[in-house]
Amino acid sequence: GDLGFGYFSAVYDLFMPISTLAISGVPVAISYFISKYVAQKQYENVGQVLRFSKKILVIISLCGFCVLIALAYPFVKFTDPTGKVLYGYMAILPTVFLCSVTSLYRGYFEGFLNMKPTAVSSLIDALGKLIIGFLFAIVTVKVKKDVALASAAALLGITIATLLSAVYIYFKYKRH
């Protein structure tokens, strides 16, 4: 309902800008440099790009994680007098890092002009968010009868779906 959607979207009001700033453009930059080095048959540079990108993404995702932690409580106090939106922030915090992992390997595969791993990981992510998030929310509402917890459960489903997507593309990279 409206209340549950309010809890859910309140988390996204802060999470999405931070997440977008943390990873926007990274897969494109990675794929650009990798495709450049692959075209020039400089495969040792592909490894250097990947190692450098991992370091940068760890720093960026940690910064995004810290900013989200630092802003979540004041944002919740300002927007929600009950404080229940904080449950959702706790559920979605790991997603900042997991999105970085996924974007790193998506950029890697795109640099090799291989969009299949990106497409499959995106599908896992989207279906997982829908199915896991929806099931978690329904079960939580029925068991706990708390809309704020159900919203957090839906957000936890998003985190789990992103984890599954990251695990898939990481193992695809290891096999590649």
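Here, residues in each chain are numbered from 1, in the same order as that chain's written sequence. With the structure being a predicted model, the display of local features is reserved for residues of pLDDT at least 70 and the display and counting of side-chain atom pairs for 80 or more, all residues being used for whole-chain, interface and lining totals. As a rule here, side-chain values come from all non-hydrogen atoms in the structure, and water together with hydrogens is ignored.

Trainee: It is not clear to me how the packing of helix H5 (residues 94–111) against helix H6 (residues 116–144) should be interpreted in this structure. Could you clarify?
Mentor: Between two packed helices, both the angle of their axes relative to each other and the distance between the axes serve to describe the pair. Running from N to C, H5 and H6 cross one another at 150°; their axes reach a closest spacing of 9 Å. One element, H5, and the other, H6, form an angle in the roughly antiparallel class. Touching Thr102, Arg106, Phe109 and Glu110 of H5 are Pro117, Thr118, Ser121, Ser122 and Asp125, all from H6. Classifying every residue of the contact of H5 with H6 gives 2 nonpolar, 4 polar and 3 charged. To get an axis, fit a line to the C-alpha atoms, keeping to the stretch in contact for a helix; angles then go from 0 to 180 degrees between the N-to-C directions. Under the scheme used here, helices are H or I runs from DSSP no shorter than 4 residues and strands are E runs no shorter than 2 residues, and both carry numbers assigned from the N terminus. The cut-offs work like this: below 35 degrees is roughly parallel, past 145 is roughly antiparallel, 65 to 115 is roughly perpendicular, and the gaps in between are oblique. Here, two residues are considered to be in contact whenever any of their heavy atoms come within 4.5 Å of each other. In the scheme used here, Gly and all other residues not listed as nonpolar or charged are polar, with Ala, Val, Leu, Ile, Met, Phe, Trp, Tyr, Cys and Pro taken as nonpolar and Asp, Glu, Lys and Arg as charged.

Trainee: What am I meant to see in the state of the cysteines here?
Mentor: One way to say it: the disulfide is the covalent bond shared by the sulfur atoms of two cysteines. In this description, the term disulfide denotes a pair of cysteine sulfurs within 2.5 Å. One pass over the structure, following the stated rule, counts 0 disulfides. There is no disulfide at cysteine 63, and the cysteine sulfur nearest it, in cysteine 66, is 6.7 Å away. Think of it in three bands: residues with accessible area under 20% of the maximum for their type are buried, residues over 50% are exposed, and the middle band is partly exposed, with areas taken using a 1.4 Å probe on protein chains only. For cysteine 63, a relative accessible area of 45% gives the class partly exposed.

Trainee: Explain the packing of helix H4 (residues 85–92) against H5 here, please?
Mentor: For the pair H4 and H5, the least separation of the axes is 5 Å and the interaxial angle reads 30°. Here H5 runs roughly parallel to H4, going by the angle between their axes. Taken together, the residues of H5 that come into contact with H4 (itself represented by Met90, Ala91 and Ile92) are Pro94, Thr95 and Val96. For the contact of H4 with H5, the per-class residue count stands at 5 nonpolar, 1 polar and no charged.

Trainee: Sorry, what's going on with a positive patch on the surface here?
Mentor: A grouping of Arg51, Lys54, Lys55 and Lys174 is seen on the molecular surface, where their side chains present a positively charged patch. A per-element tally of the positive patch places helix H3 (residues 43–79) first, with 3 residues. You can see lysine 54 is positioned in helix H3. We classify lysine 54 as partly exposed; its relative accessible area is 33%. Each patch is built from salt-bridge-free residues with over 30% relative accessible area, joining like charges within 9 Å and nonpolar side chains (Val, Leu, Ile, Met, Phe, Trp, Tyr) within 5 Å. Only the protein chains shown count as cover for residues, with accessible areas throughout obtained via the Shrake-Rupley method and a probe of 1.4 Å. A pair is scored as a salt bridge if a Lys or Arg side-chain nitrogen falls within 4 Å of a carboxyl oxygen belonging to Asp or Glu. None of His or the chain ends enter the tally, which takes Lys and Arg as positive and Asp and Glu as negative. A charge is said to be at NZ when it belongs to Lys, at CZ for Arg, at CG for Asp and at CD for Glu.

Trainee: Would you take a moment to explain unusual backbone geometry for this structure?
Mentor: Note: most residues except glycine have negative phi, and most peptide bonds are trans. Unlike most non-glycine residues, leucine 113 shows phi in positive territory, near 60°. Relative to the helices and strands, leucine 113 resides in the loop between H5 and H6. Of note, lysine 145 is a non-glycine position whose phi angle comes to about 55°, a positive value. Tracing the backbone shows lysine 145 in the loop between H6 and helix H7 (147–175). Judged by its relative accessible area of 67%, lysine 145 falls in the exposed class.

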